[in-house]
Amino acid sequence: MPGTRGPHRTSMLVAALGALVVVTACGTGGGGGDDEGDGRTIRIGYQAFPSGDLIVKEKGLLEKALPDHTIKWIKFDSGATINTAFVAGSVDLAAIGSSPVARGLSEPLNIPYQVTWVLDVAGDNEALVARDGSGIKDVKDLAGRKVATPFSSTSHYSLLAALDKSGVDASKVDLLDLEPQDIVAAWSRGDIDAAYVWLPTLDELGKTGKTLVSSRELAAAGKPTLDLGVASTAFIKKQPEVVTAWRKAQAQALDLIHDDPSAAAEAVGKQLGVSPQDAAAQLKQGIFLKPADQADDKWLGRPGQVGGLAENLRSAAEFLAGQKQIPAAPELSELEKAVYVEGLSDAVSR
C-alpha cells in the first residue's frame, strides 16, 4: 500500500507476490509456463510502449532469425507483473523498466535475471500530468491529492523522485496503484487529480491535462530511467545463441528507428493501433541508442568492464531503499553480475 513503511511492508510484499504468482501463472499476461523446458518455445514478455521491441514483434525479426523455434509473445501492462512472471518461471525474455529491474534484483525478490539490452532512455515519453480543472499548477500542489501510477514501474520511481525533488512528503499524497488502461478510465471519471505514466496513455491524458514534469527533466536532475531487455539467467546459460539472435533483432530495430523513421513508425503504429504519424511523434519523445552504443562504458559495457548501467541500477535501488520500497540496495558488485555483456559486441556490430 502507498502509505505503508518498514518491515511490515516487506512481509506484505512477499505475501502479495505469492498471490500474484498464482494469478500471473494462470491468467492473461503470464505465459502459463506450459512450454517451459521444451527448448524450442521462447516466451517473450512485451509492453505496448513505442520502442524497437514492437518493431521486432511486428516485423517478425526473431521468427525469421530462429525458424526452428516458436516465438510466444506475451503482453504485460507493467514491470511489476513481468517481475511476477519471472518469479513464476513464465517468461524467458522481457522488456521492463530499470526501476522494476532494480527492485527485482533486490530483497525480497532476488529474481535470477540479467540485463541484456537498453531499449530506450526515458525522455518525454513518460511524464507527470495534472488533470484540467484540478487546480494543480506544479508538483508541490500534489499534497493531499489523488495521484495514480503503476506501482513498481519506472513511472512510480519517477513520481517519487519528482515529489522528493519538490520537497513533498510522499505519505501526504494519496498514491493509487493503477495500470495504464485503468488510469485512463479513472481520469475520464474525474476520480484522480494527476497521473505519472508512459506513452501511449500519456498522449491520451495530455488532451485534457497539463504536464508538470517529464522523465527527461528528472534524468537531467540525476534520476534517469530506462527501458531494458532482461533474460532469466537459466535461459541465458541454456540458450546463449537465442539471446544473441534477440540482440541482433533489436539492433535491426534500432537501426530502423535511426535510418528509416517512417518505416519504424509504421511498424510501431500497427502494434499500438495508432496512425504512423502519431507513432512517429511518440518515437521522437524517447531516446534511442545506436546499436554499437550498447557496449559503451556508459551503458552495458564489455567483458571485464561492466558499464555504467550497473551504477544506474544501484542508484535506483538506493533511492527505492530510501523511500522504504525495498529493505536495502544490493552491492554494486552484485548488480554488475546482473549485466550480461558476453557476446554483446558481436551482436551489435554491422
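The coordinates are above.
Computed from a predicted structure; not experimentally measured. (Residues numbered from 1 in each chain as written. Predicted model: local features only at pLDDT ≥ 70, side-chain atom pairs only at ≥ 80, totals over all residues. Heavy atoms only, no water.)

Q: So what about the nonpolar core? Which residues, and what values?
A: Ranked by size, the top nonpolar core spans 113 residues in total, and within it Val101, Leu128, Leu142 and Leu313 carry the most contacts. Examining the composition of this core, we find that 10 residues originate from one element, helix H11 (residues 240-259), more than from any other. Beyond its immediate sequence surroundings of up to four residues, Leu142 is in contact with Leu128, Ile136, Val147, Leu163, Val173, Ala194 and Leu212. (Core = buried A, V, L, I, M, F, W, Y, C linked by side-chain atoms within 4.5 Å. Buried < 20%, exposed > 50% of the residue type's maximum accessible area, 1.4 Å probe, protein only. Helix = DSSP H or I, 4+ residues; strand = E, 2+ residues; numbered from the N terminus. Contact = heavy atoms within 4.5 Å.)

Q: Now, about the environment of Ser78: what can you tell me, with residues and values included?
A: Take Ser78: it is sitting in the loop between strand E2 (70-76) and helix H4 (79-88). For Ser78, a relative accessible area of 1% translates into the label buried. For the pair formed by Ser78 and Ser155, sequence separation is 77 residues and the distance between their alpha carbons is 9.9 Å. Among all residues touching Ser78, those that are not within four sequence positions of it are Gln47, Pro150, Glu179 and Trp198.

Q: An account of the sheet that holds strand E10 (residues 226-232) is requested, with residue identities and associated values reported.
A: Where strands meet in a sheet, backbone hydrogen bonds hold them as pairs that are either parallel or antiparallel. Spatially, the five strands line up as an open sheet ordered E2-E1-E3-E10-E4, and their pairing is mixed. Strands at the two margins of the open sheet, each flanked by one partner only, are E2 and strand E4 (113-121). Between one strand axis and the next, the sheet turns through 25 degrees on average, direction left out of account. For strand E1 (residues 41-47) and E2, the ladder comprises seven bridges, and the chain directions are parallel. Paired with Arg43 across the two strands is Lys72, which belongs to E2. Relative to the sheet, helix H2 (residues 52-59) contacts E1, E2, strand E3 (93-97) and E4, its axis offset from that of E1 by approximately 135 degrees. (Pairing = 2+ DSSP bridges. Axes fitted to C-alpha atoms, helices over the stretch in contact; angles between N-to-C directions.)

Q: Tell me about the pattern of salt bridges, residues and numbers included.
A: Scanning all chains against the criterion turns up 10 salt bridges. Arg131 is paired through a salt bridge with Asp193; the nearest N and O atoms lie 3.9 Å apart. One end of the pair, Arg131, is in strand E5 (residues 126-131); the other, Asp193, is in the loop between helix H7 (180-189) and strand E8 (194-198), and 62 residues separate them in sequence. With its nearest N and O atoms 2.5 Å apart, the salt bridge here joins Arg302 to Asp297. Put simply, Arg131, Arg145 and Asp193 are held in one network by salt bridges that share partners. (Salt bridge = Lys/Arg side-chain N within 4 Å of Asp/Glu carboxyl O.)

Q: Which residues make up the packing of aromatic side chains, and what are the values?
A: Throughout the structure, instances matching the rule amount to three aromatic pairs. A centroid spacing of 5.9 Å and a plane angle of 80 degrees characterise the contact between Tyr46 and Trp73, whose relative ring orientation is edge-to-face. Of this pair, Tyr46 sits in strand E1 while Trp73 is found in strand E2, placing the two residues 27 residues apart along the sequence. With respect to class, Tyr46 is no different from Trp73; both count as buried. Ring centres of Phe86 and Tyr113 lie 5.0 Å apart, and the angle between their planes is 85 degrees; this geometry places the pair in the edge-to-face category. In this pair, Phe86 is assigned in helix H4 and Tyr113 in strand E4, connecting sequence segments 27 residues apart. A residue is classified by how much of its surface remains accessible, and Tyr113, at 2% relative accessible area, is buried. (Phe/Tyr/Trp six-rings, centres within 6.5 Å; stacked < 30°, edge-to-face > 60°.)

Q: Can you lay out empty space enclosed by the protein for me, pointing to particular residues and giving the numbers?
A: The gaps of empty space that remain are located by a probe, the size of a water molecule, rolled over the atoms. Applying the stated criterion to the full structure yields two cavities of 30 Å³ or more. Taken as a whole, the largest cavity encloses approximately 110 Å³ of empty space. Taken together, 15 residues make up the lining of the largest cavity; nearest its centre are Phe49, Glu126, Thr154, Trp198 and Asp227. Classifying every residue of the lining of the largest cavity gives five nonpolar, seven polar and three charged. (1 Å grid on protein atoms, 1.4 Å probe; cavity = no way out; pocket = protein on both sides within 12 Å on 5 of 7 lines; lining within 4 Å. Points joined across faces, edges and corners; volume = space filled by probe spheres on them. Nonpolar A, V, L, I, M, F, W, Y, C, P; charged D, E, K, R; others polar.)

Q: A description of the pairing of E10 should follow, citing residues and the corresponding values.
A: Taken residue by residue, a regular strand's side chains alternate between the two faces of the sheet. E10 sits mainly inside the fold: seven of its seven residues count as buried. Burial along E10 is two-sided: the face carrying Leu226, Leu228, Val230 and Ser232 and the face carrying Asp227, Gly229 and Ala231 are both buried. Examined bridge by bridge, E3 and E10 share five bridges and lie antiparallel to one another. Opposite Ala95, over in E10, you have Gly229 as the bridge partner. Across seven bridges, the pairing between E4 and E10 is antiparallel. Paired with Asp120 across the bridge in E10 is Asp227.

Q: Please give an account of the packing of H2 against H11 that cites residues and values.
A: At a minimum axis separation of 8 Å, H2 and H11 run at an interaxial angle of 105 degrees. In terms of axis orientation, H2 runs roughly perpendicular to H11. Along its contact with H2, which presents Gly52, Asp53, Ile55, Val56 and Lys59, the element H11 presents Trp246, Ala249, Gln250, Ala253, Leu256 and Ile257. (Parallel < 35°, antiparallel > 145°, perpendicular 65-115°, else oblique.)

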